[in-house]
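Residue-level listing of the chains:
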Amino acid sequence: MSAPLTPAAAGDSPKQTLPCPCPIADAVDGEGEVHLLHAADPALATLEAASSAPGLGGGHMTSSWWWRTRSLNAPSPFQQFGPCGRIMKNSAMVMQIQDPASQRLTWYKPPLTVLVIKKVSDASVLAPFVQLVDWLLQEKNMVVWVESAVLEDAHLNEDVKFKAIREKLVTFKDGRDDLTDRIDFIVCLGGDGTLLYASQLFQQSVPPVMAFHLGSLGFLTPFRFDNFEEQLTSVLEGHAALTLRSRLRCVMHRKGDKRQEAKVEANADARPAANSILVLNEVVIDRGPSPYLSNIDLFLDGKYITSVQGDGLIVSTPTGSTAYAAAAGASMIHPSVPAIMVTPICPHSLSFRPIVVPAGVELKVSVSPESRNTSWVSFDGRNRQELFHGDSLRVTTSIYPVPCICAQDQISDWFASLADGLHWNVRKRQKCLDELSDLTASGSEDTLDEMENMKLRTRSLNAPSPFQQFGPCGRIMKNSAMVMQIQDPASQRLTWYKPPLTVLVIKKKDSQVLLPFVQLVEWLVQEKHMVVWVESAVLEDKLLRDDVKLENESAKFRQVHGDYCGVRERFLALREKLVTFKDGRDDLTDRIDFIVCLGGDGTLLYASQLFQQSVPPVMAFYLGSLGFLTPFQCDNFQEQVTNVLEGHAALTLRSRLRCSIHRKGERRKESLQPAGSSLLKPSHHRYLNYIELNNGASSGANNNYCNPHMSSNNSILVLNEVVINRGPSPYLSNIDIFLDGKYITSVQGDGLIVSTPTGSTAYAAAAGASMIHPSVPAILVTPICPHSLSFRPIVVPAGVELRISISPDSRNTSRVSFDGRNDQELNHGDSLRVTTSIYPVPSICSQDQISDWFDSLAEGLHWNVRKRQKCLDELSDLTASGSEDTLDEFDNLKIYDASGSSLDT
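Residues numbered from 1 in each chain as written. Predicted model: local features only at pLDDT ≥ 70, side-chain atom pairs only at ≥ 80, totals over all residues. Heavy atoms only, no water.

**Some points on helix H9 (residues 410-422)**
Within an α-helix, residues lying three or four positions from one another point in the same direction, as the helix has 3.6 residues per turn. Here H9 spans 17 Å end to end across 13 residues, near enough to the 18 Å set by a 1.5 Å rise per residue. Those residues of H9 that sit buried are Gln-410, Ile-411, Ser-412, Asp-413, Trp-414, Phe-415, Ser-417, Leu-418 and Gly-421. Its buried side turned inward, H9 meets strand E12 (242-245), strand E18 (332-333), strand E39 (733-739), strand E40 (742-755) and strand E43 (794-797). Positive phi appears at His-423, one or two residues downstream of H9, with a value of about 50°. (Helix = DSSP H or I, 4+ residues; strand = E, 2+ residues; numbered from the N terminus. Expected span 1.5 Å × (residues − 1). Buried < 20%, exposed > 50% of the residue type's maximum accessible area, 1.4 Å probe, protein only. Contact = heavy atoms within 4.5 Å.)

This is how it looks when you write it as structure tokens:
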């Protein structure tokens, strides 16, 4: 896999690396400890000086903007897994990224040229257009560019004011004139289509775009035209936050044509290939005018994933997730999440749920060999082309984003657009009951007050390193304190700091697991000479004891007990060599080098629960029911475990959520605790970021909800999800959601699921969410049976802090559970805070991150499983020219037909 591109290599690579789920903290000292930026920080002082420098977007920052202490991306994960395990360092797979929350526009030199794009065939835009252009010419002395077609508008030419300025305008013709490096700044007047048109005009670096809402939907146009002079002046002075909206690079490969990507990659200044195009929303592959189902093969990084049999397929950016993909049933993704959304259009399959994959992958789409028809491709609704048998379409994330200027900030603008444009989760509020009026006064206000002075933030991550020069003048303001180095997840491999000696074996409570369990333990002890730990409850298993009074047991148990006589004898010979622990009493931190799970997904969740800080590498064998998180088979466990112990293993770092409950009346401890704080046990002296340490300890009065797996600061880490529901109450849940201290929406329904990407295939999938690859740094928010027709699940950046509290007008309290355990009541005035933890679960891959996940989707959830449509005899001459030539590019590729038989490609 190639190293990630940097701005110095400006050509889009057809092969990008997976985005790593390991973003930044604000400032890291030489010991690795994370510090919170504050007003006295030199890094902050440097930024303030830079922001006020004359000629570089200087001037004092407006009071409406404030420094953040949390990045929009996930925290940098702790990369020591137990006493021995580490991630193998690979400097070639490391890239630098800046936290999206700190991305602010700065001008390298004063902007002089502005392109004004107006909505066509709309008379209501004419007056604002003339007013804006006149002001830019007369007041700002700027060179104004417009499309030549604008001057042909009959209504516009009748305007007296426009006639006076017409000759001062510079015109261009779409498709003929190249605007590269000629435009400093773009202003859009109209709807979302004007922004899509701006993206189409600039197929490399895009100047900063300021979009005014004068159209229909206005999802991408956050500015109102009422006070445009003040807003434009502020932007031209450099007072602007940016949302870098990623684009997809789409390349058509016709059968028999040679690829041209190598030339584009070699020359940083080269124009994109003639057959490539960048899209801001989506590329759509559909059946066109044909009456037959589309039959499209989908490949990811060269590996066959699935076939789409239906109306077609949408491959979209996070920006496009609220467009056609939303209409097709996908979850909505915040534009700062580095990901690609894959959504089927009316699939003829009951199990084809939309998926979210890392932004660094390469997708390849081709017409299936047995397809009865060709397909059609469109790019942001334009440039429609036919995709024939033997052709292929390749899609990657481009390094050239569209820098959209924010009216407020990345979070506020997006949620405002969801509410205003799509009426996301809009319904009438349920009235509270009179008898509960005394409770409502203790609602969310006191928890809101806590956030008034909290204006800073600490984390980050992105996909390919985006090109950060936007036209001749625009740049992103440099902020060294918010830049980090991250390693590509695809290169994350396990290495042992020293030979592992201790192994924890977790088994499912199932008699079918006893024989594999005894075989594994016996082999580890006798062949590998390892110290084996097991839970003390294992020794109490009646099937493994010889002192059970069988006369008191059922006839069926006596029969099974006899059947396991040989297994029992082998276990009893090993019993004295095992080390035991008791869940909830013994601390396993820094005692275990390696974990082996035998059973289902619950064994991995249990391992996560046992280790509330660093987790040793986990190898999970499939001996349960679903087996979504257990990729290994037990048939040849000796060879597989030996490979892992020798360091031959890829890792998937499964992010976890840190959840803490804050009871009404408690004061949250926001100050940074010293490394030797009493919050840490002596064996836990590791460097934690402040979010991991400082969510206040519970008071004695409210300590009845604490449990052994909640640390002394009342927090717990979950691998799948935290669920807030109405419990036994007959009333709807009424839950307020805050994101980074800002009210977002209220949930009125059965409840809410906040899940990791790993948890997106668990309860969230049952509730209708899209499924997210575990390498995508994100948090999924999914309602449970919402009493609203418009509450679609959303995907937000992994670095945000979610706060959930009972609405002041709620008729009842709620219940909270963590990975299905530790159920507690959430009362009026309490709040639950959820962030991404720095301690992931390092799951060992059977193959690699991509193959394991898609294999689990197919085998565990039967994702998009149906009988293949047969081709027609009269099309047999077409199928001979199908995808064979594209399949031949992958030597080890195997495709399976509906019966499971391997097709030799």
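**What to know about the side chain of Ser-608**
By the element assignment, Ser-608 lies in helix H16 (residues 601-610). When sequence neighbours within four positions are dropped, the list of residues in contact with Ser-608 reads Arg-656, Leu-717, Leu-719 and Val-841.

**Considerations on the pairing of E40**
Most of E40 sits inside the fold, with 11 of its 14 residues counted as buried. With five bridges joining them, strand E38 (residues 721-725) and E40 adopt antiparallel strand pairing. Opposite Glu-721, over in E40, you have Ser-755 as the bridge partner. With seven bridges joining them, E39 and E40 adopt antiparallel strand pairing. In the strand pairing of E40, Ile-737 is matched with Thr-745. The turn linking E39 back onto E40 is made up of two residues, and Asp-740 within it adopts a positive phi angle of 50°. (Pairing = 2+ DSSP bridges.)

**What about the pairing of strand E17 (residues 303-316)?**
Where burial is concerned, most of E17 is hidden: 12 out of the 14 residues are buried. For strand E15 (residues 282-286) and E17, the ladder comprises five bridges, and the chain directions are antiparallel. Counted as the bridge partner of Asp-286 is Gly-312 from E17. Summarising the sheet, strand E16 (residues 294-300) and E17 pair through seven bridges and their orientation is antiparallel. Paired with Ile-296 across the two strands is Val-308, which belongs to E17. Hairpin connection of E16 to E17: two residues between the antiparallel strands, including Asp-301 at a positive phi of 50°. Where E17 lies against strand E19 (residues 339-347), six bridges are found, and the strand directions are antiparallel. Its bridge partner lying in E19, Ile-314 is registered against Thr-343.

**Let's talk about the nonpolar core**
One finds Leu-115, Ile-186, Phe-415 and Leu-832 to be the most contacted residues of the largest nonpolar core, which totals 56 residues. Sorting elements by how many residues they give to this core places helix H5 (residues 192-201) first, with five residues. Every residue in contact with Leu-115, bar those within four places of it in the chain, is listed here: Trp-145, Val-146, Phe-172, Leu-179, Ile-183, Phe-185, Ile-186, Val-187, Leu-201 and Phe-202. Ranked by size, the runner-up nonpolar core spans 55 residues in total, among them Val-283, Ile-355, Val-357 and Tyr-606. (Core = buried A, V, L, I, M, F, W, Y, C linked by side-chain atoms within 4.5 Å.)

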